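Survey of secondary and tertiary structure
Here's the letter readout for the chains.
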Amino acid sequence: MSKIETRSLNVYYDGGTVHALKGVNIKIEANKITALIGPSGCGKTTFLRALNRMNELNGVKTRGKVLMDGVDIYSRKVDVIQLRKRIGMVFQQPNPFPMSIFDNVAYGPRIHGLRNRKLERIIEESLKKAALWEEVKDRLEESALKLSGGQQQRLCIARALAVNPEVLLFDEPCSALDPVSTARIEALLRELKNDYTIVIVTHNMQQAARVSDFTAFFLMGELIEFGETMQIFEKPRDKRTEDYITGRFG
Amino acid sequence: MVALISVVVLFAVVAYIFLNGMQVISLNFLLKSPNYAALDKGGIFPQIIGSLCLLAVCLLFAVPLGIASGIYLAEYATENIITKSVRFFVECLAGIPSIVIGLFGLIFLVYYLGFGPSMLSGGLALGFMILPWTVRASEEAIKTVPHSYREASLALGASKWQTIRSVVLKSAYPGIITGILLGAGKAIGEAAVILLTTGGLVTYIPHSLLDDVGALPVYIYMVLTVVPASRAVAESYAFGASLVLIMMFLMISVFALFLRNTYVKRMSGSRR
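Residues numbered from 1 in each chain as written. Chains lettered and ligands numbered in written order. Predicted model: local features only at pLDDT ≥ 70, side-chain atom pairs only at ≥ 80, totals over all residues. Heavy atoms only, no water.

**Let's talk about the pattern of salt bridges**
Residue and element names in this part refer to chain A. Filter applied, for reference: Every case where a carboxyl oxygen of Asp or Glu lies within 4 Å of a side-chain nitrogen of Lys or Arg is listed as a salt bridge. Numbering of helices and strands starts at the N terminus; helices are DSSP runs of H or I of at least 4 residues and strands are runs of E of at least 2.
Summed over the entire model, instances satisfying the criterion amount to 23 salt bridges over all chains. Where lysine 3 meets glutamate 166, a salt bridge forms, and the shortest distance between an N and an O atom there is 2.8 Å. Of this pair, lysine 3 sits in strand E1 (residues 2–13) while glutamate 166 sits in the loop between helix H6 (149–161) and strand E7 (167–171), placing them 163 residues apart in sequence. Through salt bridges with shared partners, a single ionic network connects Lys3, Asp69, Arg86 and Glu166.

Here it is in structure tokens:
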């Protein structure tokens with residue numbers, strides 16, 4: 001069953017002068033990992049940010065539909081705050097707040113009005129799901145900025161999980177991390193897909209091949225090819241996809 | 001070399017004030033009311049309290065307004081002619097000589113609004129004077145908060161205001177404190193504004209916002225110009241009050257730096 005579906009999704013930057021996404025149609029399956037690949041500037045990050053309406057922050061124009069469970073998230077009836085609660089996001093650079101580890105994870109639940117008792121349980125659960133609990137359980141009051149880059153990124157995942165989302169968006173989550181931390185995050189992604197629908201932008205094709213179930217290849221704002229990861233990497237239908245994954249450009 | 005000269009000059013000034021001021025510093029001097037007929041029989045207690053009261057009124061006015069304006073300019077205002085002119089006027093306000101601010105305080109606060117020469121008039125006038133510093137410091141501090149913090153907060157479903165309140169202001173806090181400190185330093189040493197808006201030869205501690213209030217810089221001015229005393233006595237009492245003023249300023253600075261550093265340490269976890 002598809003969790004998210006886009007119908008002729010178009011995105012324009014800079015007052016309409018840059019056409020960043022051109023009529024993208026895609027169906028993202030629930031409880032699967034969908035990887036978005038393509039060279040820099042191909043629109044993969046723009047596409048990801050269209051899914052939780054983060055593009056709006058930069059004065060971007062969006063046309064077309066993004067359906068989540070059949071409801072257009074750009075419709076006027078949709079509350080963007082509720083929407084972003086349902087769709088968590090993890091960014092390229094680990095960006096924990098300059099607060100304690102506890103407060104970082106508690107941030108989301110707190111702004112949504114949760115207090116005390118329940119909070120502690122949510123924080124423990126979230127940190128466990130993000131495979132960070134064992135490393136930080138004795139120092140929850142320490143500043144999050146003391147953690148290593150990989151730990152910070154897992155903390156950001158825990159922070160996103162704490163508001164109990166249905167979808168998780170990852171924007172090149174490992175590009176600032178060393179190989180060991182990257183491997184941990186990838187293992188975590190495979191585990192998380194049991195409970196969440198995951199979309200990940202990556203410029204690392206091996207990573208896409210390793211973790212994803214589906215892969216979408218973007219080029220210059222267009223969705224060139226979309227299918228099961230095995231098929232995309234072994235029998236790409238489009239010449240441009242083949243050229244990209246065999247490293248002829250990108 | 002040039003830096004060394006500045007250090008020497010600073011050190012010489014402080015040492016000179018210290019040596020001259022120490023002679024009159026005593027418990028009596030710190031805890032008694034001034035006796036303008038015989039300076040050596042009085043102290044500067046009401047002036048110390050008065051300076052602190054004025055500073056409090058000034059900060060109560062300028063800090064919330066400054067932070068609110070800073071938030072507006074940094075987070076809400078779009079770059080247009082209005083924001084640019086607001087910024088321009090803030091810059092201009094910073095350049096107005098304090099005696100002119102004092103004059104405005106006298107006409108507007110003391111006479112027009114009928115506050116009289118009082119703690120309220122003096123404190124508000126000082127507030128006008130340091131407002132540009134608090135606005136600018138807040139705006140700059142808020143602008144240096146990384147965009148990634150805002151994105152992370154918004155992506156969790158926080159509203160813009162929640163993001164500003166819980167993430168942006170918390171991160172901007174050290175910078176804002178520094179700006180307030182600069183303003184407070186200016187306010188506590190200011191004589192001209194207070195001279196025109198509140199007390200001259202005050203001998204009592206204020207009981208309400210509308211009471212006349214003394215201040216250390218005004219005491220120094222009065223002792224040297226108005227009070228009938230021999231030049232030597234007047235100078236030594238002026239130096240005594242100057243020393244107390246400098247000490248108060250130092251204590252405020254140290255306190256603010258302490259506040260700032262413990263906060264930064266708690267937030268960033270740096271071991272320094």
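**Re the interface of chain B and chain A**
What counts is decided by this rule: It only takes one pair of heavy atoms within 4.5 Å for two residues to be counted as in contact. Two parts lose some accessible area (1.4 Å probe) when they are put together, and adding that loss for both gives the buried area.
Contact residues are listed per partner, giving 22 residues for chain B and 25 residues for chain A. Carbon and sulfur atoms supply 64% of the area that chain B and chain A bury against each other, a total of about 1900 Å² over both sides. Of all residues in chain B, Glu151, Ala155 and Leu156 of chain B give up the largest surface area on contact with chain A, accounting jointly for 31% of the area buried on that side. At the surface where chain B touches chain A, the tally comes to one salt bridge. A salt bridge links arginine 49 of chain A to glutamate 151 of chain B; the shortest N-O distance between them is 2.6 Å. Listing elements by their share of the side of chain B that touches chain A, those giving two or more residues are helix H7 (147–155), helix H8 (160–188) and helix H11 (231–268) of chain B.

**Structural notes on the packing of aromatic side chains**
Residues and elements named next belong to chain B. Rules: Centre distance within 6.5 Å is the pairing criterion for rings of Phe, Tyr and Trp, where only the six-membered ring of Trp is used; planes under 30 degrees apart are then read as stacked, over 60 as edge-to-face, and the remainder as tilted. Note on exposure labels: buried denotes an accessible area under 20% of the residue type's maximum, exposed denotes more than 50%, and partly exposed covers the range between, all computed with a 1.4 Å probe on protein chains only. Either the NZ atom of lysine or the CZ atom of arginine qualifies as a charge over a ring when it sits within 6 Å of the ring centre and within 35 degrees of the ring normal.
On inspection of all chains with the given rule, the structure shows 12 aromatic pairs over all chains. On the basis of an interplanar angle of 55 degrees and a centroid distance of 5.6 Å, the ring pair of phenylalanine 104 and phenylalanine 128 is categorised as tilted. Highlighted residues: phenylalanine 104 in helix H5 (residues 98–112) and phenylalanine 128 in helix H6 (residues 119–143), separated in sequence by 24 residues. Judged by relative accessible area, phenylalanine 104 falls into the partly exposed class, the value being 42%. Put simply, the rings of Phe61, Phe104, Phe108, Tyr112 and Phe128 pair up and form one aromatic cluster. One residue, lysine 160, lies across the ring of tyrosine 76, its end atom 4.6 Å from the ring centre.

**Considerations on H6 of chain A**
Residue and element names in this part refer to chain A. Note the following rule: Expected span of a helix: the number of residues minus one, times 1.5 Å.
A rise of 1.5 Å per residue sets the reference length of H6, with its 13 residues, at 18 Å; its end C-alpha atoms lie 18 Å apart and thus fit the reference within 8%. Of all the 13 residues making up H6, 12 are buried; the element is thus mostly covered by neighbouring parts of the structure. Here H6 has its buried residues at Gly150, Gln151, Gln152, Gln153, Arg154, Leu155, Cys156, Ile157, Ala158, Arg159, Ala160 and Leu161.

**Some remarks on the pairing of strand E6 (residues 87–90) of chain A**
Side-chain direction in a regular strand flips from residue to residue, so the side chains alternate between the two faces of the sheet. Residues and elements named next belong to chain A. Stated precisely, the cut-off is as follows: Strands are labelled as partners when DSSP assigns at least two bridges between them.
What you see with E6 is no split at all: Ile87 and Met89 on one side and Gly88 and Val90 on the other are buried throughout. Sheet topology places E6 next to E7; four bridges connect them, and they run parallel. Opposite methionine 89, over in E7, you have leucine 169 as the bridge partner.

**A word on the environment of threonine 262 of chain B**
All names here are of chain B. Note the threshold: In protein, a polar contact requires one atom able to donate a hydrogen and another able to accept it; more generally it is a pair of N or O atoms within 3.5 Å, and residues adjacent in sequence count only if both atoms are side-chain atoms.
Tracing the chain through its elements places threonine 262 in helix H11. Remark: the alpha-carbon pair of threonine 262 and proline 174, spanning 88 residues in sequence, is separated by 10.0 Å. Of note is the side chain of threonine 262, whose polar atom sits 3.0 Å from the backbone oxygen of leucine 259.

**So, the nonpolar core**
Definition in use: Here, the term nonpolar core denotes a set of buried Ala, Val, Leu, Ile, Met, Phe, Trp, Tyr and Cys residues that are joined through side-chain atoms within 4.5 Å.
Grouped together as the largest cluster of nonpolar side chains are 50 residues, with contacts concentrated most on Leu36, Phe47, Leu51, Phe97, Tyr107, Leu169 and Phe218 of chain A. Broken down by element, this core gets its largest block of residues, six residues, from H8 of chain B. Those residues in contact with phenylalanine 218 of chain A that lie beyond four places of it in its chain are Leu21, Val24, Leu36, Ile37, Gly38, Pro39, Cys42, Lys44, Phe47, Leu223 and Ile224 of chain A. The next biggest cluster of nonpolar side chains, apart from the first, holds 46 residues, and it includes Val24, Val193, Met222 and Ala234 of chain B.

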